[in-house]
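# Architecture and fold: a report
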Amino acid sequence: MELLLAAEVRPFAVAAMLLAGLVGVEIVMLLVGASISDLVEHSLDHGHDGGGLNWLNVGRVPLLVLIMIALGAFAGTGFVIQALARAAGAPLSPALASLGALVLAVPMTRIGSRAVARIVPRDETYAVELADLVGRTGEVSRGPLDQGRPGTVRLKDAHGNWHSVRARAAADSAPMPTGAAILLVDLRGGVFTAIPAPPDLGG
């Protein structure tokens, strides 16, 4: 406990607290039918190439998950570095320890994000324009869909790629619960409008 409160591990303690805060907020948001992960994803421009960040598997896992992995790797590595330095005689300066933790956290983040991508494949793919999804059927994965806060719909595009998109029910449509089959009929401001899928179209 003394090490956790020491000044030399303050950067890593802050990273650990940020990680715990993000996890806590995400849990609370999920309980009320929203997700900060969705908000982060949909607030960014997905049309550009990730460039060098592709090495960290940006685009293969949700950005918020990647941030959490990086924070955990940085915090954990930093605590270990300072614990070893203290055992050897004296802790390193926070700046030097942070530099070492950062160097080690980068490959750890790559390894961790690759593992996550294999276990939980990313739902969203941007091989097609969002507008191309209008007219396709899917399933409510986080609902219910009504005229209020957007829910989430999971569906495949024409190429068989899975997408997870935000949607609301049409103005004249009854709420659609999680698991309901829907048809996307419009797209405005990055949010789709959905109606119950006609029986002949299926899910």
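A short tour of the structure in this document, coming up. (Residues numbered from 1 in each chain as written. Predicted model: local features only at pLDDT ≥ 70, side-chain atom pairs only at ≥ 80, totals over all residues. Heavy atoms only, no water.)

A word on the overall build of the protein. Of the regular secondary structure elements, the protein holds five helices and five strands. Mapped from its N terminus to its C terminus, the protein presents α and β elements in the order α-α-α-α-α-β-β-β-β-β. Taken over 203 residues, the protein has a buried fraction of 33%. For the protein, restricting intrachain contacts to residue pairs at least 6 apart in sequence, the fraction spanning at least 24 positions comes to 62%. Looking at the protein as shown, the accessible area adds up to about 11,200 Å², and 65% of this sits on carbon and sulfur atoms. (Helix = DSSP H or I, 4+ residues; strand = E, 2+ residues; numbered from the N terminus. Buried < 20%, exposed > 50% of the residue type's maximum accessible area, 1.4 Å probe, protein only. Contact = heavy atoms within 4.5 Å. Areas by Shrake-Rupley, 256 points an atom, 1.4 Å probe, with all protein chains shown as cover.)

This brings us to the packing of aromatic side chains. Each aromatic ring pair is described using two quantities: the centre-to-centre distance and the angle formed by the ring planes. Applying the stated criterion across every chain yields a total of two aromatic pairs. Each ring, one from Phe12 and one from Phe74, has its centre 5.1 Å from the other, and the planes form 55 degrees; the classification is tilted. Of this pair, Phe12 sits in helix 2 (residues 10–31) while Phe74 sits in helix 4 (residues 63–88), placing them 62 residues apart in sequence. According to the relative accessible area criterion, Phe12 is buried, its value standing at 0%. Ring pairing ties together the aromatic residues Phe12, Phe74 and Phe79, which thus form one cluster. (Phe/Tyr/Trp six-rings, centres within 6.5 Å; stacked < 30°, edge-to-face > 60°.)

Because an α-helix packs 3.6 residues into every turn, residues spaced three or four apart end up facing the same way. Between the first and last C-alpha of helix 5 (residues 94–119) there are 35 Å, a value that for 26 residues agrees with the 38 Å anticipated at 1.5 Å per step. Its maximal kink placed at Ala105, helix 5 deviates by approximately 30 degrees, while the proline Pro107 follows within four residues. Listed as buried for helix 5 are Ala97, Ser98, Ala101, Ala105, Thr109, Ser113 and Ala117. (Expected span 1.5 Å × (residues − 1). Bend = angle between axes of the 7 residues up to and from the residue.)

Direction of pairing for strand 2 (residues 151–156) relative to strand 3 (residues 162–169): antiparallel, over a ladder of six bridges. For Leu155, the partnering residue across the bridge sits in strand 3 and is His163. What sits between strand 2 and strand 3 in their antiparallel hairpin is a turn of five residues, with Gly160 showing a positive phi close to 85 degrees. Relative to strand 5 (residues 191–196), strand 3 is paired through three bridges, and the arrangement is parallel. Residue pairing for strand 5: Arg168 is matched across the bridge by Thr193. (Pairing = 2+ DSSP bridges.)

It is at 7 Å that the axes of helix 4 and helix 5 come closest, and there the two elements cross at 135 degrees. Compared by their axis directions, helix 4 and helix 5 come out oblique. The hand of the helix 4/helix 5 crossing is right-handed. Residues Val65, Leu66, Ile69, Ala70, Ala73, Phe74, Thr77, Gly78, Ile81 and Gln82 of helix 4 touch helix 5, and the partners they reach there are Ala97, Ser98, Gly100, Ala101, Leu102, Leu104, Ala105, Met108, Thr109, Gly112, Ser113 and Val116. Looking at the contact of helix 4 with helix 5 residue by residue, the class counts come to 14 nonpolar, eight polar and no charged. (Axes fitted to C-alpha atoms, helices over the stretch in contact; angles between N-to-C directions. Parallel < 35°, antiparallel > 145°, perpendicular 65-115°, else oblique. Left-handed = near helix turned anticlockwise from the far one by under 90°. Nonpolar A, V, L, I, M, F, W, Y, C, P; charged D, E, K, R; others polar.)

This model, assessed by the stated rule, comprises two salt bridges. In this structure, Glu8 engages Arg86 in a salt bridge whose closest nitrogen and oxygen atoms are separated by 2.5 Å. One end of the pair, Glu8, is in the loop between helix 1 (2–5) and helix 2; the other, Arg86, is in helix 4, with 78 residues separating them in the sequence. A residue is classified by how much of its surface remains accessible, and Glu8, at 12% relative accessible area, is buried. For the salt bridge of Asp186 with Arg188, the shortest nitrogen-to-oxygen distance reads 3.1 Å. (Salt bridge = Lys/Arg side-chain N within 4 Å of Asp/Glu carboxyl O.)

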